[in-house]
Each structure stands twice: as structure tokens, then as C-alpha cells.
Amino acid sequence: MNIYNDYLKEIEERKEQGLHPKPIDGAELLSVIIEQIKDVDNEHREDSLNFFIYNVLPGTTSAAGVKAKFLKEIILGESVVKEITPTFALEQLSHMKGGPSIGVLLDIALGDDEALAKEAAEVLKTQVFLYEADTARLEAAYKAGNSIAKELIESYAKAEFFTKLPEVEEKIEVVTFIAGVGDISTDLLSPGGDAHSRSDRELHGQCIFEHNKAQQEELKALQAQHPDKRVMLIAEKGTMGVGSSRMSGVNNVALWTGVKASPYVPFINIAPIIAGTNGISPIFLTTVGVTGGIGIDLKNWVKKTDAEGNVIKDENGDPVLEEKYSVATGTVLTVNTKEKKLYHGDQELIDISASLTPQKVEFIKAGGSYAVVFGKKLQTFASKVLGTDVIPVYAPSKEISIEGQGLTAVEKIFNKNAVGTTPGKVLHAGSDVRVEVNIVGSQDTTGLMTSQELEMMAATIISPIVDGAYQSGCHTASVWDNKSKANIPRLMKFMNDFGLITARDPKGKYHAMTDVIHKVLNDITVDDWAIIIGGDSHTRMSKGVAFGADSGTVALALATGEASMPIPQSVKVTFKGEMLPYMDFRDVVHATQQQMLSQFGGDNVFQGRIIEVHLGTLTADQAFTFTDWTAEMKAKASICISEDATLIESLEIAKSRIQIMIDKGMDNDLNVLKGLIAIADKRINEIKTGEKPALTPDANAKYFAEVEIDLDEIQEPMIADPDVNNEDVSKRYTHDTIRPLSYYGGTKQVDLGFVGSCMVHKGDMKILAQMLKNIEDLHGKVEFKAPLVVAPPTYNIVDELKAEGDWEVLQKYSGFEFDDNDPKAAARTKYENMLYLERPGCNLCMGNQEKAEPGDTVMATSTRLFQGRVVKDSGEKKGESLLSSTPVVVLSTILGRTPDLVEYQAAVKGINLTKFKPSSKLLVV
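First, a word on what this report is: a plain description of the structure on this page. In this text the structure is predicted, and so the values were computed from the model without any measurement. (Residues numbered from 1 in each chain as written. Predicted model: local features only at pLDDT ≥ 70, side-chain atom pairs only at ≥ 80, totals over all residues. Heavy atoms only, no water.)

Below, the discussion takes up the overall build of the protein. When helices and strands are tallied, the protein shows 31 helices and 33 strands. Within the protein, the proportion of its 925 residues that are buried is 62%. Residue pairs at least 24 apart in sequence account for 73% of intrachain contacts in the protein once pairs closer than 6 positions are excluded. Side-chain charges of the protein comprise 97 positive and 130 negative groups, with the mean position of each set lying 1 Å from the other. (Helix = DSSP H or I, 4+ residues; strand = E, 2+ residues; numbered from the N terminus. Buried < 20%, exposed > 50% of the residue type's maximum accessible area, 1.4 Å probe, protein only. Contact = heavy atoms within 4.5 Å. Lys, Arg positive; Asp, Glu negative; His and termini not counted. Charge placed at Lys NZ, Arg CZ, Asp CG, Glu CD.)

In C-alpha cells:
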């Protein structure tokens, strides 16, 4: 009873926050609730009934197991509850999405009571979340002559669980709501600082629009005015959902504007309708599909042209935009899913076929992409048992094969990993492909959601198809506060039990590793033909092809070992010229974006496509600086083309780091890490013998565009500027404003510097140490005029720096050094003018724990310049996060301002910066 009283107390506390009771996921609490239901005189019986029926999480939660067991008792007449008839109990089971509920339904369907068996079978015909243990039971019963099993398998072979669903509504009336002007980061929809609450969907929903209550009330008022219409959330003059996949962002939008998934499951809504002038960020669009939503590229602002058709430009040389049609808040539009058009009244505004492909319409019909994935697997199973061909029910996968046309790198990888395609058919970009996934990564601020998704899709163990999977602890590395202490150990235990390598050992035998997830995934990716899925937008490896994904897609990849998507188009990036001795490779990365935009008249040809970058001579650590930044280029993913010798060197480095993980005791019972070393050895041997050289595209491959970057044009350090005061709001915080150092005239005040995040590698830490020694040699001391926060990406780097003497240099000049035995329990809010050596992890780049002081101008090596991410605005000044190379950041904190070019050149003289020389080889076959 105490646990129930605790629950009542929590309910009262949540009422004060305007929240309903938290959904129940624990067996102990639900067991007490069931006992109170059985006791007809219990004072809590009515509330207990409501909790049991309407407030229990489905799937494989321990509460779901208890609920399914009690419903079985009711159906079999072993327990009698007047409010829950056997028929209603079966209906409840139908909404529990697999796991224990399927087990109960199979028990009854394959049991001796013929009438009940038929009722249970009718429910089972609607279910798709069956796993091997469930289908094995069915197959055994079918072979034993069970008529119900035969009926079920025949139904599954016809995919009646899909065909009998209602068709998608032909006309969906929507009312528009402008969520913001310009690119909308997922931080607006689900702020990083609220990451701790993501698994509590109702609580997390309160943070939408970054807790802007006025904007939330405006949305409510709009809904009250249009109760019969759906709200379309819009990024006006921008792209929706840049920055990350952020399932919690889509969940929040769905919670506020979507459709309730089940009357018996609280706070899980689906089918949001989201739009942007420049569409939806690729990985965010995938997340929308997970929920059966619609993402629309509005194209409602277009470049203005003169009478001759030339683009008119403003005084800054940027194209002038004009409004093609209005989507101002409160505009009523119609989405016609049959015609695939967007209408304003009778006026056709735009073709939206790309938003309503046959596959996407299937997601909408099925209530999300998971149901389609599992449905296809279930139909394939049933057809195999019956010995029949799979009946064409789902839209056929588009297979594009162009005779005589070679393959890009991504086309080669997808063809190698494809399953279920026409045998012998070579597929090109635009083809829809189901692929096997080699490596999966889950990060800690979305991991709890991934674990929930796994529970709700009734998965209990990682797919044997996956070579390796990792659960990180990097996003909560900075501060070991009470939220982290409550959430992270629970997450690590779940994922460890599921079969992942985990940053923290639930048994406490090995030292906690808070390494940045992308760096770990880059190390455990040991095949350049691999496909990687990771729960973060910066899942962009320099080996293989990696896709950042929402927590649900990560869960699906873990459970099934598969992912489905069209083969993306590619943009080829090559280089010519020579880097100046004082330039850093980070400057090449920024210049790539700048030169690409210049070459294509301001159009971002990278957006939504694969960047196939021919770096050739850079090892995986250094090349990762480029592939990582491709998220900010709005690319869907990137592939690094390497020379054979370079790839071998990268694989040897990866092997050594995996071995360190093994030596720490991080391998599991499946010996996943040892298996990865074996894969690396095999791949190295293939390259050395010439059996299978490093991945390269075909010479006659076709690209959407080809970009050649001239290194000779890069004359000074390049800085990505959020341009916070641009009069055109849509041009702020875009990552597209790349400026040379001289733009700032050596006078722009810098309030804080940050060297860290996934964009830096060991070489950056050594650059930092050498700069500090040089400055002391020049001036007799090192004095910081602004704070410098340093967060190495991994513990391996720290260990290597200690062995090589560089860490001692950093310690000498630091005023704070992290202590794993006594981690910070609270986020720092004030900084002194000194060097802070922080724990490996994301730190300021994540923005969910530590931030710069409001209104600061930050110079950082990180990837994030979105409003409020690294630094919030103050009442007097906008916070801004400028992104640059390590030497620029360090010198800016020494000076307290941006350096001029002469100061910069003097400071880096004699320092081994990250250098790049274009390959002399033609990296094609």
C-alpha cells in the first residue's frame, strides 16, 4: 500500500505543475492497484480501475506484463470485474502493442475454449508486433494441425492487419501556425536543457517553444477557434527541425497538435503535420514518418527575378525573396492526400507528392513506420510457412536501375546491404531500399526514449544482424546531478541487458566512460562498407555511411537490425590547391560550405543529400572533422573516400581503441568488441591483398552536383557566425554565414572560449598545449582575458596526452580540473578568466547542463550556434556562439577579443596544425 500512497503523493505534486498522473510502468505499483480492484469495498477501487485501464504503458514494461496477466484472468473467468468484461479485456490487450499481450492472446487463441479462441484470434489478426518466439509458437501449432493457427497465418499472409485499416482521409483541413521565422532548431520544440524529462511525455510537452507560455497559449487559442481542423506547425522562410532528429521534438508537436494513438495509452499522440518554406531537415523528416505524420516543403518564398529572369540580389549579394503565397498563422488550407496537392480554398498552391509518396501514405495509414516494418516481416513469415509467394499488398519499393551508369559510394553501400530487392538488380539513387545495419548508437539524453520505444515494440534483445551497438553517457557528462543519478544508471542497465556495450557498467566493475558518442561510433565502425544508425544528428562517421536518427528509428535498428529509406542522391566534393601553413583543417571545412554556396548562387546543394568527400589522405580522426560538420551543411549523411593506406591506418587506430575498451572490461557476453576487431582484421587483409580495396565510386557515377574546393582561396581562418543582428530574421542562426577572421577587425569582444565537442580530436588538444607554451615563452606567463572551457572528446585522448606530456601542460595553466571521484553536482553558472579542464563529453555544445553566461559572445570549436543552445540572450544583449578552429578559440580567450591576422599567424608559428593535402590519386574505379 505504501507504493500506492507514494503514487498518490506524486499525483498531488504533479497537479501543482498542471500535470496528470504519471503513466505506470512498474509491476509493483500495478500489482497493488489490481488488488484494490479485486477488493470491491476498497476506497481506492474506482481510481485504481481508471489507472489500470487508462494509465499503463504498453509493450514489455513490467507493468504491461502484470496487466496482461490480469486481463487473461478476466477473459478466462478466473477473476470477475464487472467494469471489465472479457470482450473489453480483449480490447485492452489489442492496444498493448506486443510483448506479454501477444503471449496472452496466443495462449487463449491456441487454447481449448473454442469461442474464446476465435475472439482472441480476431484480435491477433490486427496485431503486427510479433517476435520470433511468437511466430515460432504459431508455426508449431500450424504444423500440429491447429485450425486457429492456420487461420491466423493465412490472415497474416494477406496482411489483413494492414489492408483492413481505414484508408487515409482524402482531405485534411489544417490551420497554419508560424512557430518561427527562419530555420527552426529542434531545440525550439524540445530544448536540450529539458532532456531529463523526455521520457515523461506530458511533463516534457510543457517545454515546447522553449517554455514560451504566450506562444503556447496562442496555439491553444487557435485550436479553440478551429476545433475541426488540424494545426500545421510551420518554419516560415526556413527549414523545420534542423540540428537533430529529436524524437522528443516530434512527440511534443504531436502532443500539442496530433491525434491520440490509443484511448488507453496516455500522452502518446501521432500524426503531426509539420512544414517549412525550405521543407523539413532530413533526419527530422524521418522522425515525422515514425509517427505517421506529414512533412511538407512549402516553397512559399521564391527568389525574385527581373524581366530577363535574372535573380535580384540585395546589397549583401543575397537573393531577394518574394512571397508566392501566404501561410500566415490562422490560414486555413487543405491537404489533399489523393491528388497530393495543397489547396487554399479552391486554389491549388503546390504539388506535395514528395510528402505523400506511396510509402509515406502507408506510414500514415498504419499509424507510423514501425507498424509497416513489422507488418512486412510478419507477412513474409506467414507466406514462408504457407509456402506461397508474398502477396503484393504494400506499395512496391521503387527500384531505379540505369543501364550503363556507374555507382556512387552510397549506392554501392546500399546495394551491398540491401535485403528484399530484385535479385541481381543494381539500384541507383531514388530507389527505396531495406538495408541491414552494422553499427547502432544510442545517446543518453534520448536513450530513455529509445528504451521506452523498445519496450513498446516488445523487443527484448538486440538483433543478431547488428555487429555492434553502444550506449553513451556523453550528453550528461558535465554534471552528475540528481536527474542524471536517477536516469542514467537505469538506462545503462536496460541497454546492457538488451545487448549493447554501455558507457557505464551497471555492475560498477569498469570506470564510467563519458566519451562523445560520435567518437566511439567512429572507432567501432571497422568497415568502410558499413551502415550506421545513431541517435544523434552528428552520427556521421568517416568510415561507412552513417545516419543520425530519432530514438524510435534507433530502437527499430536495434530490434530488427534493419532500416528503410530511399538511396539518397550524392554531391561529390573534391579539392585542389594547397593549404597555407598557418591554416587549420577546420578552416577548410568552413570554406567548403562557403565556396559551395557561392558556386551555386546561394542554393545549398548539400541539403538532404549525401556528401561524398574525397579526402583521401586524412585518417578517420581528422576526417571526422569534415564528416561531422556535414550535419550543419544540412546533408543527410556523408561518406569519406580514402586511399588504401589511409584506411588501413584508420582501422589500426580503431582496433587499438577497441582493445582498450576490452581491457577496461567493457565487452559483453556476446564478445561484441572482440568480434569488431575480427571484422577490422578481415577488412585490413582484404585491402592489403587487393581482394577488396578501399571503397571508391565508379568513374561513371552520376551526382546531383560536383563541388571543387580551391584551398588556395583560403587565406585566413574562417568563422561560422550566427549573425544574430541580421535584419532578416530568417538569416540568423543558419550555419551558412561563413566569415573570414579579418571581418571582425581584431576588435570583437569574446567573453568565453570553448575547445571541445565531437569536432575536435587529439591533435586539437596538442595544438592547445603548444599554444600555451608558446605564449608563455613570448610573454613570460599565460593570462586569460576570457574563460576557456576545454572538454576532451574521449578518455583515450586524455590518457594519450598524459603519456606524451601534453596533459601536464594543460594542468599547469588550468584553474579547474575534473575529478571523476567527485564529479560536479550542479551546473556552473559563472566563469572566471582561467582554463577549465572539464570531463570528456559534450559539455557546452549540448547545452542541457552547462551554458555560457547569458548574453556572452562565445568562440567555440563546437557545432552549435542555434539561439539559446550554448548561450542564452540576456536582457541587454543577444548571446552568440561563433564557431572556429582551436587556435582561433584559444587566442581569442587570451586576448579577450578576436585576433587580427598578424596576431594569429604569430601565435600559430611552428605549431603542427591539422593539415590536409588533396590526394594525388584519382579515387574512383
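Attention shifts here to unusual backbone geometry. In this model, K340 sits at a positive phi of 60°, which is unusual for a non-glycine residue. Mapped onto the elements of the fold, K340 is located in the loop between β11 (332-336) and β12 (341-344). The phi dihedral of N671 is positive, around 55°, even though this residue is not glycine. In this structure, N671 sits in the loop between α25 (644-663) and α26 (672-689).

What follows concerns the pairing of strand β23 (residues 610-616). Burial within β23 is extensive, with seven of its seven residues counted as buried. The alternating pattern of β23 places I610, E612, H614 and G616 on one face and I611, V613 and L615 on the opposite face, and all of these are buried. In this region the chain leaves strand β22 (residues 570-576), passes through helix α23 (residues 585-599) and returns to the parallel neighbour β23; the handedness of that crossover is right-handed. Here β23 pairs with strand β24 (residues 637-642) via five bridges, running parallel. The residue of β24 that forms the bridge with E612 is I639. Regarding topology, helix α24 (residues 620-629) serves as the crossover connection from β23 to the parallel β24, and that connection is right-handed. (Right-handed = clockwise from strand over helix to strand, strands pointing away. Pairing = 2+ DSSP bridges.)

Residue position: G238 is located in the loop between β3 (230-236) and β4 (240-242). Residues G238 and G276 lie 38 residues apart in sequence; the distance between their C-alpha atoms is 5.9 Å. The contacts of G238, once residues within four sequence positions are left out, are G182, D183, G276, T277, N278 and G279.

Our next topic: α24. Most of α24 is tucked away, with nine of its ten residues classed as buried. Of the positions making up α24, those classed as buried are A620, D621, A623, F624, T625, F626, T627, D628 and W629.

What follows covers the environment of T450. Checked against the element boundaries, T450 lands in helix α19 (residues 444-456). Taking relative accessible area as the criterion, T450 reaches 1% and is therefore assigned buried. In this structure the C-alpha to C-alpha distance between T450 and D873, which are 423 residues apart in sequence, comes to 32 Å. Setting aside anything within four residues of it in sequence, one finds T450 in contact with S442, M495, S551, V554, A555 and L558. A polar contact of 3.3 Å, which involves the side chain of T450, links it to the backbone oxygen of S551. (Polar contact = N/O pair within 3.5 Å; in protein donor to acceptor, adjacent residues only side chain to side chain.)

What follows is about the nonpolar core. In terms of nonpolar packing, the biggest core is built from 132 residues, with Y470, F575, L615 and F626 touching the most fellow members. Dropping the residues within four chain positions of it, F575 is found in contact with V588, T592, V613, H614, L615, F626, I709, L711, F916 and P918. By size, the runner-up hydrophobic cluster in this structure holds 114 residues, among which are L93, V373, L454 and I531. (Core = buried A, V, L, I, M, F, W, Y, C linked by side-chain atoms within 4.5 Å.)

This part covers the pattern of salt bridges. Considering all chains together, one arrives at 57 salt bridges under this definition. Of the charged contacts in the structure, one is a salt bridge between K812 and E776, with a shortest N-O distance of 3.0 Å. Taken together, the residues span a long stretch of sequence, with K812 in helix α29 (residues 806-813) and E776 in helix α27 (residues 762-779) at a distance of 36 residues. Exposure remark for K812: the relative accessible area of 55% places this residue in the exposed category. On the basis of relative accessibility, which here comes to 22%, the residue E776 falls in the partly exposed class. The network of salt bridges with shared partners includes D527, D528, K682, R683 and E686. (Salt bridge = Lys/Arg side-chain N within 4 Å of Asp/Glu carboxyl O.)

The next subject is the side chain of T627. With respect to the helices and strands, T627 occurs in helix α24. Exposure remark for T627: the relative accessible area of 0% places this residue in the buried category. Reaching out from T627, the side chain makes a polar contact with the backbone oxygen of F624 at a distance of 3.3 Å. Not counting residues up to four positions away in its chain, the partners in contact with T627 are R540, M541, S542, V613, S638 and C640.

Once that is clear, we can look at the packing of aromatic side chains. Inspection of every chain in the model, using the stated rule, returns 20 aromatic pairs. Counting every residue linked through ring pairs, the aromatic cluster contains F575, F585, F626 and F916. A cation over an aromatic ring shows up here: R609 above the ring of F704, its NZ or CZ 3.4 Å from the ring centre. (Phe/Tyr/Trp six-rings, centres within 6.5 Å; stacked < 30°, edge-to-face > 60°. Lys NZ or Arg CZ within 6 Å of the ring centre and 35° of its normal.)

For the structure on display, the rule yields zero disulfides. Not part of a disulfide, C207 finds its nearest cysteine sulfur in C842, a span of 19 Å. Left without a disulfide partner, C845 is nearest to the cysteine sulfur of C758, which lies 5.8 Å away. (Disulfide = S-S within 2.5 Å.)

What follows concerns the sheet that holds β3. With mixed pairing, the seven strands of this open sheet are ordered in space as β8-β7-β3-β1-β11-β12-β13. Two strands close off the open sheet at either side, each with one partner strand: β8 (294-297) and β13 (347-351). Here the strands of the sheet are splayed against their neighbours by 30° on average, with no regard to which way each runs. Of the pairings in the sheet, the one linking strand β7 (residues 273-276) to β8 comprises four bridges and is parallel in character. Counted as the bridge partner of I274 is G295 from β8. Sheet contacts for helix α13 (residues 213-225): β1 (171-181) and β3; angle to β1, the most-contacted strand, approximately 160°. (Axes fitted to C-alpha atoms, helices over the stretch in contact; angles between N-to-C directions.)

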